[in-house]
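# Close look at the chain arrangement
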Amino acid sequence: QVQLVESGGGLVQAGGSLRLSCTASGIIFSIHAMNWYRQAPGKQRELVAGITSGGSTKYVDSVKGRFTISRDNAKNTVYLQMNSLKPEDTAVYYCNAVRPLGIANYWGQGTQVTVSS
């Protein structure tokens, strides 16, 4: 059974930092592309950051220079370091794993990030 378990969310003041973690089980983690999505109330889910199995990264423009995605294949874990947080970063953040060729797509349960002004 595939499980993605996020942690690290919480309440932080604007300008602060949080680090999200997502630990996977039931998959060959190293071959999966890993993504972080977020969904704010009343808005569509959006891709925040992604990292391929080879370590290439991508970010939505609004977080470039502030967020960093990384992975530790030995720990089956992907991270999202979030610095200089803004109130508009408030959302539920979801971890996503994509098998090669998009054959399968897995999701975590989400973790709430709230940034107060």
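These lines cover the structure that appears in this document, whether it is placed above or below.

Quick notes on the rules
- Residues numbered from 1 in each chain as written.
- Predicted model: local features only at pLDDT ≥ 70, side-chain atom pairs only at ≥ 80, totals over all residues.
- Heavy atoms only, no water.
- Helix = DSSP H or I, 4+ residues; strand = E, 2+ residues; numbered from the N terminus.
- Contact = heavy atoms within 4.5 Å.
- Disulfide = S-S within 2.5 Å.
- Buried < 20%, exposed > 50% of the residue type's maximum accessible area, 1.4 Å probe, protein only.
- Salt bridge = Lys/Arg side-chain N within 4 Å of Asp/Glu carboxyl O.

### Description of the environment of Ile 27
Inspection of the secondary structure assignment puts Ile 27 in the loop between strand S3 (18–25) and strand S4 (33–39). Placed 19 residues apart in sequence, Ile 27 and Gly 8 show a C-alpha to C-alpha distance of 22 Å. Ignoring any residue separated from it by four or fewer positions in sequence, one finds Ile 27 in contact with Val 2, His 32, Ala 97 and Tyr 106.

### Topic: the state of the cysteines
Disulfides are covalent bonds that link the sulfur atoms of two cysteine residues. The final tally for this structure, using the stated rule, is 1 disulfide. For Cys 22, the disulfide goes to Cys 95, at an S-S distance of 2.1 Å. Note on the Cys 22 and Cys 95 pair: the S-S dihedral is about -80°, so by sign convention the disulfide is left-handed. In this pair, Cys 22 sits in strand S3 while Cys 95 sits in strand S9 (residues 91–98), placing the two residues 73 residues apart along the sequence. Residue class for Cys 22 comes out buried when judged on its relative accessible area of 0%. By relative accessible area, Cys 95 is classed as buried at 0%.

### A look at the pattern of salt bridges
Evaluation of the coordinates by the stated rule reveals 4 salt bridges. Between Glu 46 and Arg 38 there is a salt bridge, and its shortest N-O distance comes to 2.7 Å. Among the residues examined, Glu 46 registers a relative accessible area of 29% and is labelled partly exposed. Of the charged contacts in the structure, one is a salt bridge between Arg 66 and Asp 89, with a shortest N-O distance of 2.8 Å. Remark: Asp 89 occurs in the loop between strand S8 (77–82) and S9 and Arg 66 occurs in the loop between strand S6 (57–59) and strand S7 (67–72); sequence separation between them is 23 residues. By relative accessible area, Asp 89 is classed as buried at 1%. Shared partners join several salt bridges into a network, and the residues in it are Arg 38, Glu 46, Arg 66 and Asp 89.

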